[in-house]
Amino acid sequence: MIAVRLQQRWPNAMLAFVAGAMMPFAFSPYDQLWLGLFGMTLWAWLLQCGGGFVSGLAFGLGWFGLGAWWLADTLHVYGHVPYVLAWLCVLLVGLVLALFPALWAWLTVRLAANRWQFLVLFALFGTGEEWLRGHLLTGLPWTALGNLLLDTPAVGWLAVFGVYGAAWLICALVAALALLLARPERKAALVLTAIFALLWLAPAPYTADGPAYHAALVQPNIPQDQKWDARHVQRNMQSLASLSARALPVDVVIWPEAAVPFYLSLSPSWRQWLYQQADGWQADFLFGGLKLLDADSRRAQNGLYLRTQGENRGFAAKQHLVPFGEYVPSWLPWLHKLVPDIGDFQAGDDSGVLTGAAGHFGALICYESIFPEQARARVAAGADVLVVVTNDAWYGHSPAAWQHFQAARVRAVENGRYVLRAGNTGVSAIIGPDGAVQHLMPWWTAGSVRGTYRLSGAVTPYQYFGDGLMWLVLAVGGVMYWRLRRVS
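From a predicted model like this one, the values you see are computed outputs, not experimental measurements.

**Student:** Tell me what's going on with the overall build of the chain, and back it up with residues and numbers.
**Tutor:** From N to C terminus, the chain includes 16 helices and 14 strands. Relative to the 2.2 N^0.38 estimate, which gives 23 Å for 488 residues, the radius of gyration of the chain is 23 Å and therefore close to what a compact globule would have. If one aligns the C-alpha atoms of the chain with their principal axes, the spans along those axes are about 75 × 50 × 35 Å. For the chain, the residues scored as buried account for 57% of the 488 residues in total.

**Student:** Summarise the pairing of strand 11 (residues 419-423); cite the residues concerned and give the values.
**Tutor:** With five of five residues buried, strand 11 is to be regarded as a mostly interior element. Residues of strand 11 alternate between two faces, with Val419, Arg421 and Gly423 on one and Leu420 and Ala422 on the opposite face, all of them buried. Of the pairings in the sheet, the one linking strand 10 (residues 385-390) to strand 11 comprises five bridges and is parallel in character. Paired with Val388 across the strands is Arg421, a residue of strand 11. In terms of handedness, the path from strand 10 via helix 14 (residues 400-415) over to strand 11 forms a crossover that is right-handed.

**Student:** Tell me about empty space enclosed by the protein, residues and numbers included.
**Tutor:** Applying the stated rule across the entire model yields two cavities of 30 Å³ or more. Forming the walls of the largest cavity are Pro141, Trp142, Thr143, Ala144, Asn147, Val163, Tyr164, Ile370, Pro372, Gln403, Ala407 and Arg411. The set of elements that each furnish at least two residues to the lining of the largest cavity consists of helix 8 (158-182) and helix 14. Classifying every residue of the lining of the largest cavity gives eight nonpolar, three polar and one charged. What the second largest cavity holds in volume is close to 40 Å³. The element contributing the most residues to the lining of the second largest cavity is helix 11 (residues 233-247), with three residues.

**Student:** I'd love a proper account of the pairing of strand 13 (residues 437-440), names of residues and values included.
**Tutor:** The side chains of a regular strand alternate between the sheet's two faces. Examined bridge by bridge, strand 12 (residues 429-431) and strand 13 share three bridges and lie antiparallel to one another. Across the sheet, the residue bridging to Ile431 is Val437, located in strand 13.

**Student:** Let's hear about the side chain of Glu326: which residues, and what values?
**Tutor:** For Glu326, the position within the fold is in the loop between strand 6 (311-317) and strand 7 (344-345). A distance of 3.4 Å separates polar atoms of two side chains, one belonging to Glu326 and the other to Asn302.

**Student:** Describe unusual backbone geometry, and please don't skip the residues or the numbers.
**Tutor:** Note that the residue after Ser28, namely Pro29, is joined by a cis bond; omega there is 5°. Considering the arrangement of structural elements, one finds Pro29 in the loop between helix 2 (9-21) and helix 3 (33-48). Residue Pro249 is reached from Leu248 by a cis peptide bond, and omega for that bond is 0°. Assignment of secondary structure puts Pro249 in the loop between helix 11 and strand 2 (252-254). Even without glycine at this site, Asp31 takes up a positive phi of about 55°. Taking the relative accessible area as the measure of exposure, Asp31 reaches 39% and is therefore partly exposed. Here Ala258, not a glycine, exhibits a phi torsion of approximately 50°, which is positive.

**Student:** Give a description of the pattern of salt bridges that names residues and reports values.
**Tutor:** Overall, the coordinates contain 11 salt bridges when judged by the stated rule. Put simply, Arg231 and Asp229 hold a salt bridge, and the shortest N to O gap is 2.6 Å. Relative accessible area serves as the criterion here: at 71%, Arg231 is assigned to the exposed category. Across the pair Arg378 and Glu368 runs a salt bridge, and its minimum N-O distance is 3.3 Å. Of this pair, Arg378 sits in helix 13 (residues 372-380) while Glu368 sits in the loop between strand 9 (359-365) and helix 13, and the two are 10 residues apart along the sequence.

What counts and how
- Residues numbered from 1 in each chain as written.
- Predicted model: local features only at pLDDT ≥ 70, side-chain atom pairs only at ≥ 80, totals over all residues.
- Heavy atoms only, no water.
- Helix = DSSP H or I, 4+ residues; strand = E, 2+ residues; numbered from the N terminus.
- Rg over C-alpha atoms; globule rule 2.2 N^0.38 Å.
- Buried < 20%, exposed > 50% of the residue type's maximum accessible area, 1.4 Å probe, protein only.
- Pairing = 2+ DSSP bridges.
- Right-handed = clockwise from strand over helix to strand, strands pointing away.
- 1 Å grid on protein atoms, 1.4 Å probe; cavity = no way out; pocket = protein on both sides within 12 Å on 5 of 7 lines; lining within 4 Å.
- Points joined across faces, edges and corners; volume = space filled by probe spheres on them.
- Nonpolar A, V, L, I, M, F, W, Y, C, P; charged D, E, K, R; others polar.
- Polar contact = N/O pair within 3.5 Å; in protein donor to acceptor, adjacent residues only side chain to side chain.
- Salt bridge = Lys/Arg side-chain N within 4 Å of Asp/Glu carboxyl O.

Shown next, in the form of structure tokens:
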């Protein structure tokens, strides 16, 4: 009787929506991994009762629709979008992202002729869905499934397969649990045990054994409504300089994204003041700022500057821009940007690496830190430490800032590098190559994070092969499915 009711479309979809709504709680700041596994297992069990596309769409709406509730406040408060329209935008984003698990569910249900084919296909298409979500239409791998391996014995697999390939382990575990719940039997128990063993026997994360340096990551805690207000520039700049001076002596001082809220080329007096402050610190000085490319058209880049030993050592521009925030896609030219119009941002094409006395710094500017290929490219270009600068004041006190921070921890493991993360309002931290947070300061407070980091020349399997090992796993899954079809 229960199975018959579950085969009805709407009860199935409602349960799938509830299962999806559990997913955001598996990620930071809640970190309730068990709840995410329970939700995914419930959904996988529902798929065995039917539902396909509708069930996947409902699951995705619960995960990405409800999970992105904070976006409505961001659009309303800082984008000046009416609140009702802001919630409609959240619903639209949720619907678009929900299409990915909907496709995952539809392909799995359509092609799986039995429960063992279901196990193989659920893991295969789940991994492919994660990769596709991270790439299609510029990609949005927010709350990627592979992030869930942090703080577990399986964290080392991130350095092997990367965040997308690691999703296979999560999906395979969930599918095996669902099969065992649907029909308890010895074979299903053995498969589940094998997957648990694979998770437990992960390789150890990489370590950094290069020279050690001391860093100060400055967190000025400037409210978003004051950051671009000319009336507050002097106070904010003085605060940044004061916090930096108090953190000395260190080898490198790092300010957050767009900490300098004006064009240095158009502000000679401020430029002179800033350089005088920095040169007195006798440290590498990395600061987020804007670079004006063309004074006539106001074309600009957002990025990270380096000054050391009294010299300007370069500018690393942000390469993966935020659609509808930092630029309007060419196929939607009539839409306006959702952030203050301070320039038409252009994507950078430099190496993203700045060389100072305390390391080769791989610059990741805010949003682009959620993309594994961006960090991998910086390391391939010679970075022996990664620097993430961000301004998460946009997110208010919502979970989004911590979800963003969690992605930076994964970048550390994937590349076997320390990550120095400086945020305007937080989360500012020094993250080890194993993803562990070594130094952290309270969120939404002014101060600095001081601690030691080491340079690393490690070459992880993910760094060497990229997503190649993930595609190998998917190819093996395809062969397994083909053989299962032949013997069934």
